[in-house]
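For reference, the chains in residue letters:
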Amino acid sequence: MKKQLSNILILILLTSHLYSCDAVKRVATNEHLLDKTSIIVNDEKNNTETLNNLLYQRPNRKILGTPLRLHIYNLARPNIDSIYEAKIYNNPKKLAWKTKILSRKQLDKDIQSRKNFNNWLKNTGEAPTIIDEGKTKRSANRLEDYYINNGWFDVDAKYTIEKKENKRATITYNVKTGTAFLIDSITKTVKSPIVDSIYKNLQEKSLIKKGEQYTTSNFEQERDRISSELRNSGIYHFNRDYITFEMDTIGTNKKVNVGIKIQDRAIRTLDSIRREPFKSYTIRDVNIITDYTFENRNKPFQDSISYGSYKLYSYGKMRYRPKALTDAIFITPGEVYSDLDRTRTYRYLNELRTFKYPNIENTENPDNTLSDTIRLTPLKKFNLGFSTDVSQSNIQKIGFSLNPSLQIRNVFGGAETLEISGIASIGASEDGGEEGDPFFDINEYGVDLKLTIPRIFSPFYTENIIPKYMSPSTSIGLASTSQRNIGLDKQTFSGNFSYKWIPNTKATNRLDVFNIQFVNNKNPENYFSVYTSSFNSLENIALNSYNTPSEYILIDDNNDENLIEDKADDFIDLVLNDDTFESSNATDYQTVSSIEERKSRLTENNLIISSAFSFTKDNRVNLFDNNFSIFRFKLELAGNLLASTSKLLGLKKDSDDRYQLLDVAYSQYAKTEFDFIKHWDLGKKNVFATRAFFGIAIPYGNSNSIPFAKSFFAGGPNDNRAWSAYSLGPGSSGSTNDFNEANLKIAFSAEQRFNLFGDLNGALFIDAGNIWNVLDNVTDNNSTLTGFDSLEDIAVGSGFGLRYDFSFFVFRFDVGFKTYDPSYQDKNRWFNDYNFANAAYNIGINYPF
C-alpha cells in the first residue's frame, strides 16, 4: 500500500513538473510568463472582477488549476510555413522520398491539412501572457482613474514585479485610496428662463445629492437625465453638451462644491457663434405619407384625407383607415415637442408589421413650431411561406410533412395581419397496419388562422385603462387538426380571443378573454397500444397474480402466455368486481383500479372553456445581459361560465353526475403558475443561474381531475435533467406509466455556467422537484401531497453539460445523474443509480432557463 502511494505521489509530481515546463515552452529566455496578479487596496487584498477587469495584462486562464488553453497553444509549432519549407520543399532528397509515396498534389494537401491543424491549435489555445512593464504602468494608472472617478481624489497606485528563475513572474498592485470626497454645496446657473422654469421641477429627482460620495457616473447620468427631460418638454434644440459641471475641492476639507451650469443655445453662422435663450417648440402639423417610395418622391399625391388634426396623403388609392394610422402616432399637433413621443411613434409603427422602418422628418418654422412629415413604406401585402420535413419515429418507418403558410397584411384596412398556416403529413406505420391497408397508413392534417389587430378590439372605450403607448393588440385565433393511426386519433378544435399590452419596457400583460379547446378521441380502443406500460402492468397481474380465465390468454409460437389486448377492458372489469381479490391482494387491485381510472381520464373527450391572465416582468437590458431576473405569473379559470348557466341552458348530466355540452362533460378548474429566474454575472464568462417554479391546478364543480393537456409533468432537458420527460413522479410512486402527470408541481434548479475555451462553455447543475396529485380523484398515498412530509419526495438530480454557442442559438448537451430518488420509498434514496448507465442524456437548443 505504501509503495502504491509513493508511486502515485511520484506520478503527480512528475506530471506537475511536465506541465510547469510546458507552460513556459514558448517564453523566450529574457521574458517572463505572468503567473499571478494581486491587487492590494489599503493593505487588504481585493480580488473583485471590477478591479481585475481594469488590468491590461492578466494571467492565462486556468481550468481546475491548469492553464489548459495555454498548453493547447504551446502544442502548435511557431513559424510552421518556414519549417515545412526548410525540411521538405528545400530538401530535394526528402522531397523525392515523399513524392514516391504520395503524389505532389497529395503531399501539398497533406502539408496544408497539418498547417490548418496547427492554426486551429493556435486559435483554440491562448498565447502566453508575457509581462510588459509598459502595460503594467498603464494598469496602475487605470486603477487610479477608477478610484478618482469614485471620489478618492488622493489615490496613489504603485506596482512591484517579482521575477523568478523559472521564467515566471508575479505582479502586485498596491493602492492607497486616502479619504473619499463628499458632495457639499450644489449651486446652479441657468441662462434661459424657459429652461430654468423646467429645471426647477426636475431638481427633486436629481442624482447629485449633498452628503453623498462623489461618483463621476452620477454626473454623467444626471446630464443625460436633464437633457432628456428638457427635450421631452419642448426644448427642441437642447442636448447634453449644454450642461457643464464645475468642481471645487480647494480648502474644502475633503468636500466637493458643485456648480451646475446650463448655457444658452449656440447658433453657428459662417464666421461666428452667437448665443440665444432656448425656446419651447410645439407641433404645428403632422403629415403622413402612407405609400412612400424613393421612386414616387417627386410625383403628385392622388389621394388625401384630413382626420382630426392629421393630414394623410397617398400616391395611389388610400388603402388604410385613418384612425388605424393616427392611433399609432404619438406626435400630436398643438402639443409641445417630445423625444418620447417620437420614440413611441417609431416603436408602434414598427409593431404594426405593415411598414418598413418609418422615416420621421422635422421641419422648423419661423414661429417656433415644427411640421412633421412621416413617410411610411408598405411591406408586401402577401407573404407566402413553405417548408417540408422528413421524419422517422418509434411509430412510423418514414413520414413526410408539408407546412405552407400565408401572411396577409392590412386585411381590413386597419393594419390588421392575418396569418394562415397548415400542416399535411403522411407516414408509414411500423406495424404496417392491417392487410390490404396502403403503405402510407398514417396521416395528419390541420389549419391554423390567426388575426392580429393592433389595438384593443372592444365595444368599450379602454384608452383610460390601457393607453395606446402600451402597444395594445388583440389576437383572434382558430385552429383544427385531425389524426389517423396516430395514438388515439385525436381531433382537436380550438379558438381564442386575447388582449396583450406592454405597460413599460420590463412588463408584459396578456388577458385571454376566452380560450376554447375541444378534443375528440376517435379511437379510444387503441389505448393499450399507445400506453404500453399500463398494458404490461395489467398483463403481469393477469399472468402472475390473478386466476385469469383461459379465454383472456393467448399462447404464442414460443409457448409464452400473453394477455389478449382486446380483452384488457374485460379483464379490468373482472378484477374490479372481484371483492375476494381486493381483500387478498390489495396492492394489485389498486394498480388495476389506477390503470382503469387513468385510461378513463385519458380517453375521454375534453371540452375546456377558460379565461386566463398572465404577467411577465423581464429585467434584461438586452440579449447579452447576464445579470437579470424574470418573473412570470399566470392564473387560469375554466368552466365557471358554463357552471353558472348549466341549469339555465338545460344541460343534461352524464352517469358521473357531470353536466354535458355537446355530449361532452366540460372541465372546471382553477390553475395558477409562478416562475422566477435569476442570473448573476460573476465575471470571466461565469454566470450563476437559478430557477424556481410552482404550479397547481385544482378541479372542482363539474370535474374531479385535470385534463391531460393542462397537467404538469417532470423531467426532461428543461426540467429535472436526471430523469427523461414524463418519467419522474408522481411523488414517490415510481410509476411506470408512459406519461406521468399530476396537478401540482414544484421545481428548483441552479446552474454554474463557465467558459472552457472559444465558443465552448461548460456547466455544473443541480435540479430538484417533483409532481404530486392533490385535491383530485387520485387516492394513492405515494402519489398525493398529503402535507409537508410529502416534500421529502422532492427528487434531486445533478450533473454537468457542454454548450456550444453558434451566436444565433446555443447547442446544449447535459448529463443528469439521479442523486436522490424518491421512488425507493422506505429504502436509502441517495446515490443508488448515480452512474453513467442510469444517467439521463439530454440534448437541447438554448439554455434551460
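Rules used in this analysis
- Residues numbered from 1 in each chain as written.
- Predicted model: local features only at pLDDT ≥ 70, side-chain atom pairs only at ≥ 80, totals over all residues.
- Heavy atoms only, no water.
- Pairing = 2+ DSSP bridges.
- Helix = DSSP H or I, 4+ residues; strand = E, 2+ residues; numbered from the N terminus.
- Axes fitted to C-alpha atoms, helices over the stretch in contact; angles between N-to-C directions.
- pLDDT = per-residue confidence, 0-100.
- Contact = heavy atoms within 4.5 Å.
- Salt bridge = Lys/Arg side-chain N within 4 Å of Asp/Glu carboxyl O.
- Buried < 20%, exposed > 50% of the residue type's maximum accessible area, 1.4 Å probe, protein only.
- Left-handed = near helix turned anticlockwise from the far one by under 90°.
- Nonpolar A, V, L, I, M, F, W, Y, C, P; charged D, E, K, R; others polar.
- Core = buried A, V, L, I, M, F, W, Y, C linked by side-chain atoms within 4.5 Å.
- Patch = residues over 30% accessible without salt bridge, like charges linked within 9 Å, V, L, I, M, F, W, Y side chains within 5 Å.
- Areas by Shrake-Rupley, 256 points an atom, 1.4 Å probe, with all protein chains shown as cover.
- Lys, Arg positive; Asp, Glu negative; His and termini not counted.
- Charge placed at Lys NZ, Arg CZ, Asp CG, Glu CD.
- Expected span 1.5 Å × (residues − 1).
- Phe/Tyr/Trp six-rings, centres within 6.5 Å; stacked < 30°, edge-to-face > 60°.
- Arc of directions from axis to C-beta.
- Polar contact = N/O pair within 3.5 Å; in protein donor to acceptor, adjacent residues only side chain to side chain.

### A word on the sheet that holds strand 12 (residues 310–314)
At step 1: One open sheet accounts for five strands, arranged 11-12-10-14-13; its pairing is mixed. Unpaired on one side and paired on the other, strand 11 (303–307) and strand 13 (359–364) mark the two borders of the sheet. Adjacent strand axes in the sheet meet at a mean angle of 20°, parallel and antiparallel pairs treated alike.
At step 2: The pairing of strand 13 with strand 14 (residues 369–375) spans six bridges and is classified as antiparallel.

### A short note on the confidence of the model for the protein
At step 1: Of the residues in the protein, 96% reach a pLDDT of 70 or more, and the chain-wide mean stands at 89.
At step 2: Confidence, expressed as mean pLDDT per element, reaches its minimum in the protein at helix 1 (residues 2–23) with 46 and its maximum at strand 25 (residues 628–638) with 97.
At step 3: Here residues 1–21 scores under 50 on pLDDT; set against residues more than four positions off or in separate chains, the count is three contacts.

### Structural notes on the pattern of salt bridges
At step 1: Scanning the entire structure with this criterion turns up 46 salt bridges.
At step 2: A salt bridge links aspartate 184 to lysine 210; the nearest nitrogen and oxygen atoms lie 4.0 Å apart. Taken as a pair, aspartate 184 in strand 5 (residues 182–190) and lysine 210 in the loop between helix 8 (193–200) and helix 9 (216–231) lie far apart in primary sequence, 26 residues in all.
At step 3: With a relative accessible area of 62%, lysine 210 lands in the exposed category.
At step 4: In this structure, the salt-bridge partner of arginine 455 is glutamate 416, at a minimum N-O distance of 3.0 Å. Of this pair, arginine 455 sits in the loop between strand 18 (442–453) and strand 19 (473–484) while glutamate 416 sits in the loop between strand 16 (396–409) and strand 17 (417–429), placing them 39 residues apart in sequence.

### Describing the packing of helix 13 (residues 532–544) against helix 16 (residues 586–603)
At step 1: It is at 10 Å that the axes of helix 13 and helix 16 come closest, and there the two elements cross at 145°. For the element pair helix 13 and helix 16, the recorded crossing hand is left-handed. Touching Ser534, Ser537, Leu538 and Ile541 of helix 13 are Asp588, Thr591, Val592 and Ile595, all from helix 16.
At step 2: Across the contact of helix 13 with helix 16, the residue classes break down as four nonpolar, three polar and one charged.

### Description of the nonpolar core
At step 1: Among the nonpolar cores identified, the biggest contains 25 residues, and Val286, Ile288, Leu352, Ile374 and Leu376 are the most heavily contacted of them.
At step 2: Look past the residues within four positions of leucine 376 in its chain and what remains in contact with it is Ile288, Ile289, Thr290, Asp291, Tyr292, Leu325, Leu349, Phe355 and Pro358.
At step 3: Core analysis: the second largest hydrophobic core is formed by 22 residues, Tyr199, Leu202, Ile208 and Phe238 among them.

### Quick notes on a positive patch on the surface
At step 1: Positive charge collects at one region of the surface, where Lys25, Arg77, Lys87 and Lys94 lie side by side.
At step 2: In this structure, lysine 25 sits in the loop between helix 1 and strand 1 (33–41).
At step 3: Judged by relative accessible area, which is 44%, lysine 25 ranks as partly exposed.

### Digging into a nonpolar patch on the surface
At step 1: Together, Leu764, Phe800, Leu802, Tyr804, Phe806, Phe808, Phe811, Phe813, Phe836, Tyr841, Ile843 and Ile845 line one region of the surface with nonpolar side chains, adding up to about 1,200 Å² of accessible area.
At step 2: Broken down by secondary-structure element, the contributors of at least two residues to the nonpolar patch are strand 32 (795–805), strand 33 (810–820) and strand 34 (840–845).
At step 3: Positionally, tyrosine 841 belongs in strand 34.
At step 4: A residue is classified by how much of its surface remains accessible, and tyrosine 841, at 46% relative accessible area, is partly exposed.

### Some details on helix 16
At step 1: Helix length check: helix 16 (18 residues) gives 26 Å between terminal C-alpha atoms against 26 Å at 1.5 Å per residue, within 8%.
At step 2: Those residues of helix 16 not exposed but buried are Asp588, Tyr589, Val592, Ile595, Arg598, Lys599, Arg601, Leu602 and Thr603.
At step 3: Packed against the buried residues of helix 16 are strand 21 (507–521), helix 12 (527–530), helix 13, helix 14 (568–576) and helix 15 (579–584).

### Thoughts on the packing of aromatic side chains
At step 1: Tallying each qualifying case throughout the model produces 45 aromatic pairs.
At step 2: With centroids separated by 5.2 Å and ring planes inclined at 45°, the aromatic side chains of phenylalanine 633 and phenylalanine 674 adopt a geometry described as tilted. Taken together, the positions of phenylalanine 633 in strand 25 and phenylalanine 674 in strand 28 (residues 669–683) put the pair 41 residues apart, joining distant regions of the chain.
At step 3: By the ring-pair criterion, three or more aromatic residues cluster together here, those being Tyr527, Phe528, Tyr531, Phe535, Phe708, Phe713, Tyr726 and Phe739.

### A few points about the environment of phenylalanine 294
At step 1: On the secondary structure map, phenylalanine 294 appears in the loop between strand 10 (282–289) and strand 11.
At step 2: Spatially, the C-alpha atoms of phenylalanine 294 and aspartate 654 are 68 Å apart, while their sequence positions differ by 360 residues.

### Digging into helix 7 (residues 133–148)
A turn of α-helix holds 3.6 residues, and therefore any two residues three or four places apart point the same way.
At step 1: If you check helix 7, its first and last C-alpha atoms are 23 Å apart, about what 16 residues at 1.5 Å a residue would give, namely 22 Å.
At step 2: Among the residues making up helix 7, those that are buried are Thr136, Ser139, Ala140, Leu143, Glu144 and Tyr147. The arc that holds the buried residues of helix 7, viewed along the axis, is 140°, so those residues lie on one side.
At step 3: Against the buried residues of helix 7 lie strand 1, helix 2 (49–52), strand 3 (156–163) and strand 4 (168–176).
At step 4: Taking the backbone nitrogen of glycine 134 as reference, a side-chain oxygen 2.9 Å away marks aspartate 132 as the first, capping residue of helix 7.

### A look at the sheet that holds strand 5
At step 1: Spatially, three strands are ordered 5-7-6 in an open sheet, and the strand pairing comes out mixed. Each edge of the open sheet carries a strand with a single partner, namely strand 5 and strand 6 (243–248). Here the strands of the sheet are splayed against their neighbours by 20° on average, with no regard to which way each runs.
At step 2: Sheet strands in contact with helix 9 are strand 5, strand 6 and strand 7 (255–262), and its direction is about 145° off that of strand 6.

### Regarding the environment of serine 611
At step 1: With respect to the helices and strands, serine 611 occurs in strand 24 (residues 606–618).
At step 2: Along the backbone, serine 611 and leucine 635 are 24 residues apart, and their C-alpha atoms lie at a distance of 8.5 Å.
At step 3: If we skip the residues at most four places from it in the chain, serine 611 touches Asp512, Val513, Phe514, Leu635, Glu636 and Leu637.
At step 4: Within the structure, the side chain of serine 611 is placed 2.6 Å from the backbone oxygen of valine 513, a separation counted as a polar contact.

### What to know about the environment of glycine 211
At step 1: Take glycine 211: it is sitting in the loop between helix 8 and helix 9.
At step 2: What makes glycine 211 partly exposed here is its relative accessible area of 47%.
At step 3: Remark: the alpha-carbon pair of glycine 211 and aspartate 566, spanning 355 residues in sequence, is separated by 84 Å.

### Focus on unusual backbone geometry
In most cases, non-glycine residues show a negative phi, while peptide bonds are predominantly trans.
At step 1: For the bond from glycine 729 to proline 730, the omega torsion is -5°, close enough to zero to count as cis.
At step 2: Residue position: proline 730 is located in the loop between strand 29 (686–699) and strand 30 (744–757).
At step 3: Phi is positive for asparagine 368, which is not a glycine, with a value near 60°.
At step 4: Mapping asparagine 368 onto the fold places it in the loop between strand 13 and strand 14.

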